[in-house]
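If you want the building blocks of each chain, they are given just below.
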Protein chains: 2
Amino acid sequence: MGRPSRAHEVRRLILDGAADIFSRRGYRATSMNEIAAAVGLSKPTLYHYFHNKEEILVRLYEEVMSDAVDDAVEISESVEDPREVLHRLLVYRVRTTCERQSIHKVFFEEEEELPRDLVETVIEQRRRYEDVYRTQVRRFLDDHPDPPDIDVTVFVNSCLGAANWVYKWYRPDGPRTPEQLGREIAFYALHPLG
Amino acid sequence: MGRPSRAHEVRRLILDGAADIFSRRGYRATSMNEIAAAVGLSKPTLYHYFHNKEEILVRLYEEVMSDAVDDAVEISESVEDPREVLHRLLVYRVRTTCERQSIHKVFFEEEEELPRDLVETVIEQRRRYEDVYRTQVRRFLDDHPDPPDIDVTVFVNSCLGAANWVYKWYRPDGPRTPEQLGREIAFYALHPLG
DNA sequence: CCTACCGATCGGTAGG
DNA sequence: CCTACCGATCGGTAGG
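Just so you know, these numbers come straight off a predicted model, no measurement behind them. Along each chain, numbering runs from 1 in the same order as the chain's sequence is written. To read the labels, note that chains go from A and ligands from 1, taken in the order they are written. Local features are withheld for residues below a pLDDT of 70 in this predicted model, meaning they are given only at 70 or higher, and side-chain atom pairs are given and counted only at 80 or more; totals for whole chains, interfaces and linings count all residues. Only hydrogens and water are removed before side-chain values are computed, so all heavy atoms of the structure are retained for them.

**Focus on the packing of aromatic side chains**
And then number 1: Think of it this way: a Phe, Tyr or Trp ring, Trp meaning its six-membered ring, pairs with another when their centres are within 6.5 Å, and the plane angle makes it stacked under 30 degrees, edge-to-face over 60, tilted otherwise. The tally for this structure, following the rule as stated, stands at 16 aromatic pairs over all chains.
And then number 2: Here the aromatic rings of Tyr129(B) and Tyr133(B) are separated by 5.1 Å at their centres, their planes lie at 55 degrees, and the arrangement is tilted. On the criterion of helical spacing, the pair formed by Tyr129(B) and Tyr133(B) is a turn pair, its members being four residues apart in helix α7 (residues 116-143). Just as Tyr129(B) is buried, Tyr133(B) falls in that class too.
And then number 3: Joined through ring pairs, the aromatic side chains of Tyr61(A), Phe107(A), Phe108(A), Tyr167(A) and Trp165(B) make up one cluster.
And then number 4: Positioned above the aromatic ring of Tyr27(A), the side-chain terminus of Lys53(A) is 4.5 Å from the ring centre.
And then number 5: Criterion for a charge above a ring: Lys NZ or Arg CZ within 6 Å of the ring centre, and within 35 degrees of the ring normal. The lysine or arginine in question, Lys168(A), covers the ring of Trp165(A), its NZ or CZ lying 5.7 Å from the ring centre. Segments assigned H or I by DSSP are reported as helices when at least four residues long, segments assigned E as strands when at least two residues long, and all are numbered from the N terminus. The cut-offs for exposure are 20% and 50% of the maximum accessible area for each residue type, with area from a 1.4 Å probe on protein chains only; residues under the lower value are buried, those over the upper are exposed, and the others partly exposed.

**Structural notes on the environment of Val156(B)**
All names here are of chain B.
And then number 1: Structurally, Val156 can be placed in helix α8 (residues 152-164).
And then number 2: For Val156 and Glu130, which are 26 residues apart along the polypeptide, the C-alpha to C-alpha distance reads 7.4 Å.
And then number 3: When neighbours within four sequence positions are excluded, Val156 is seen to be in contact with Glu130, Tyr133, Arg134 and Val137. Whether two residues are in contact is decided by their heavy atoms, any of which lying within 4.5 Å being enough.

**Here's the deal with the relation of the copies chain B and chain A**
And then number 1: In superposing the copies, a least-squares fit is computed on C-alpha atoms, taking residues whose pLDDT is at least 70 in both. Placing chain B over chain A gives an RMSD of 0.1 Å and needs a rotation angle of 180 degrees, together with 0.0 Å of translation along the axis. In symmetry terms, the pair is related by a two-fold rotation axis.
And then number 2: When the interface residues of chain B are mapped onto chain A, 100% of them again fall at the interface, so both copies present the same face.

**Considerations on the packing of helix α1 (residues 6-25) of chain B against helix α6 (residues 101-109) of chain B**
All names here are of chain B.
And then number 1: To define axes, lines are fitted to C-alpha atoms, for helices over the stretch in contact only, and angles between the resulting N-to-C directions are given on a 0 to 180 degree scale. Taken N-terminus to C-terminus, the directions of α1 and α6 make an angle of 60 degrees; their axes are 8 Å apart at the nearest point. Between α1 and α6, the crossing angle belongs to the class labelled oblique. The handedness of the crossing between α1 and α6 comes out as left-handed. Of α6, the residues touching α1 (which contributes Ala19, Asp20, Phe22 and Ser23) are Ser102, Ile103, Lys105 and Val106.
And then number 2: We call Asp, Glu, Lys and Arg charged. Ala, Val, Leu, Ile, Met, Phe, Trp, Tyr, Cys and Pro are nonpolar, and the rest, Gly among them, are polar. Grouping the amino acids of the contact of α1 with α6 by side-chain chemistry returns four nonpolar, two polar and two charged. Relative orientations are named as follows: roughly parallel for angles under 35 degrees, roughly antiparallel for angles over 145 degrees, roughly perpendicular for angles from 65 to 115 degrees, and oblique for any other angle. Crossing handedness follows the turn of the near helix against the far one: under a right angle anticlockwise gives a left-handed crossing, and clockwise gives a right-handed one.

**Some details on the UniProt feature "DNA-binding region" (unreviewed entry) in chain A**
And then number 1: UniProt positions are given in the numbering used here, feature names are shortened, and annotations may be inferred rather than shown by experiment. According to UniProt, the feature "DNA-binding region" (unreviewed entry) maps to residues 31-50 of chain A in the numbering used here.
And then number 2: Helix makes up 75% of residues 31-50 of chain A and strand 0%, whereas the separation of the span's terminal C-alpha atoms amounts to 14 Å.

**Some remarks on the packing of helix α1 (residues 6-25) of chain A against helix α2 (residues 32-39) of chain A**
Residue and element names in this part refer to chain A.
And then number 1: Between α1 and α2, the least distance of the axes is 9 Å, while the angle of their chain directions is 125 degrees. Comparing the axis directions of α1 and α2 gives the class oblique. Crossing of α1 against α2: the hand is right-handed. Taking contact as the criterion, the partners of Leu13, Ile14, Gly17, Ala18, Ile21, Phe22 and Arg25 in α1 are, on α2, Glu34, Ile35, Ala38 and Val39.
And then number 2: Its residues placed into classes, the contact of α1 with α2 shows eight nonpolar, one polar and two charged.

**Section: the interface of chain B and chain A**
And then number 1: The interface of chain B with chain A comprises 33 residues on the first partner and 34 residues on the second.
And then number 2: Buried area is understood as the total, over both parts, of accessible area removed when two parts are fitted together, assessed with a 1.4 Å probe. When chain B packs against chain A, close to 2900 Å² is buried across both sides, 60% of that on carbon and sulfur atoms.
And then number 3: The term salt bridge refers to a pairing of a side-chain nitrogen on Lys or Arg with a carboxyl oxygen on Asp or Glu at a separation within 4 Å. A salt bridge links Glu112(A) to Lys105(B), with the shortest nitrogen-to-oxygen separation between them at 3.3 Å.
And then number 4: We define a polar contact as two N or O atoms separated by no more than 3.5 Å, with the added condition that, inside protein, one atom must be a possible hydrogen donor and the other a possible acceptor, whereas residues neighbouring each other in sequence contribute only through side-chain atom pairs. Joining chain B to chain A, the criterion identifies eight residue pairs in polar contact (both at pLDDT 80 or more).

**Things to note about the pattern of salt bridges**
All names here are of chain A.
And then number 1: According to the stated counting rule, one finds 48 salt bridges over all chains in the structure shown.
And then number 2: A salt bridge links Glu113 to Arg28; the shortest N-O distance between them is 2.6 Å. Pair noted here: Glu113 is in the loop between α6 (101-109) and α7 (116-143) and Arg28 is in the loop between α1 and α2, with a separation of 85 residues, a long-range link.
And then number 3: Of the residues examined, Glu113 reaches a relative accessible area of 8% and is grouped as buried.
And then number 4: The salt bridge involving Arg127 is made with Asp131; its shortest N-O contact spans 2.6 Å. Here Arg127 pairs with Asp131, and both are found in helix α7, just four residues apart, close to one helical turn.

**Remarks on the protein's contact with DNA strand D**
And then number 1: In the region of DNA strand D, 13 residues are neighbours, and Lys43(A), Pro44(B), Thr45(B), His48(B) and Tyr49(B) sit closest.
And then number 2: Backbone atoms, meaning sugar plus phosphate, form 58% of the atoms of DNA strand D positioned within 4 Å of the protein.
And then number 3: Lys53(A) is positioned with one of its side-chain polar atoms (N or O) 2.9 Å from a phosphate oxygen of DNA strand D.
And then number 4: Separating a phosphate oxygen of DNA strand D from a side-chain N or O atom of His48(B) is a distance of 2.7 Å.
And then number 5: At the level of secondary structure, the elements contributing two or more residues to the surface near DNA strand D comprise α3 (43-49) of chain A together with α3 (43-49) of chain B. By convention in these notes, a residue is near a molecule or strand provided one of its non-hydrogen atoms lies within 4 Å of it.

**Some thoughts on the state of the cysteines**
And then number 1: Only a pair of cysteine sulfur atoms within 2.5 Å counts as a disulfide in this structure description. Here the structure, examined in full by the defined rule, presents zero disulfides over all chains.
And then number 2: Its sulfur unpaired, Cys159(A) is 12 Å from the next cysteine sulfur, which belongs to Cys159(B).

This is the structure we're talking about:
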């Protein structure tokens, strides 16, 4: 059942190759021929694995979304202290974004290329993802005897900006590992909580 | 000399219209006909004011870059206290990004569509802009008797991520003005400085 | 899995 | 001669 079939492997290869080229040249500027060449297939063969170009983009988005939401829910359920949950969420956010930088660049920059119905799914999943953060921030503030004066939504957006922004400046050959970077950014971002 | 000629006004109109459509549909997916229709001109007329589609994008980038660098330098030279400089820089960063959200979305997401030589200019100007921040953070740390343990580059990237990210979530009909949002985000981002 | 090819659309330019 | 503009159409390329 879970055994990766040959077809599944090829699809994986195409998705990774497409994410790489999309991230460097943009979805619209990338031709199906380029993707085919990059993964060593012919253009018609691509159409054996995906109905069209858009479906490739849709699969990339679905992957990023389900991974993010699943992991966020899991982390928030495995730790008690809300501040610790937020810290782990941000470290994980930075680490995943660095480790899969190409697909995240596509995810953050190609939303207008998606079909209407998936745009709504993306918005919905993003809301669910951010709700995990907001819930933890509220828990933290409620537990706190002298809570800092912060607006939950703005604060969460601020934290996520600091974390997600690594997709633009992280360099794998830099001095820090994604994990180190995650801890550092989470440390800065959560400072207003005291 | 500084008097806006008719031609200058039309160019301004085209740039604003193009920024708006580029931000909603993407540069590559936008046709010259769409831009023309949006500003009430014919497509050939567009070519009277700009050599080609790419030049429109280039002008948008040049505008964002020169505004940002000029303002950053001005702010950093008009205030003494480095922490206050950083605060003002971030408030201004958020405010400008919110007030001109479309052009900033284009600026942050269409870099791969630029001609090679301008990409290098963008990288260079970005370095100059971030250098203003890094210089102030270093000044702050040097002046400080008991400086917090922060890495200058990662901290600045974290601050800029928190600020720039508003281009994705700011809504003009929301409860906060760009100025208020800027102060709030700057307040959060600079917390690690104590 | 390839060669061949279509229907559609694009950026850019001609004449006036 | 220049600036400003339009209706029509070009060569080239994209997804499929």
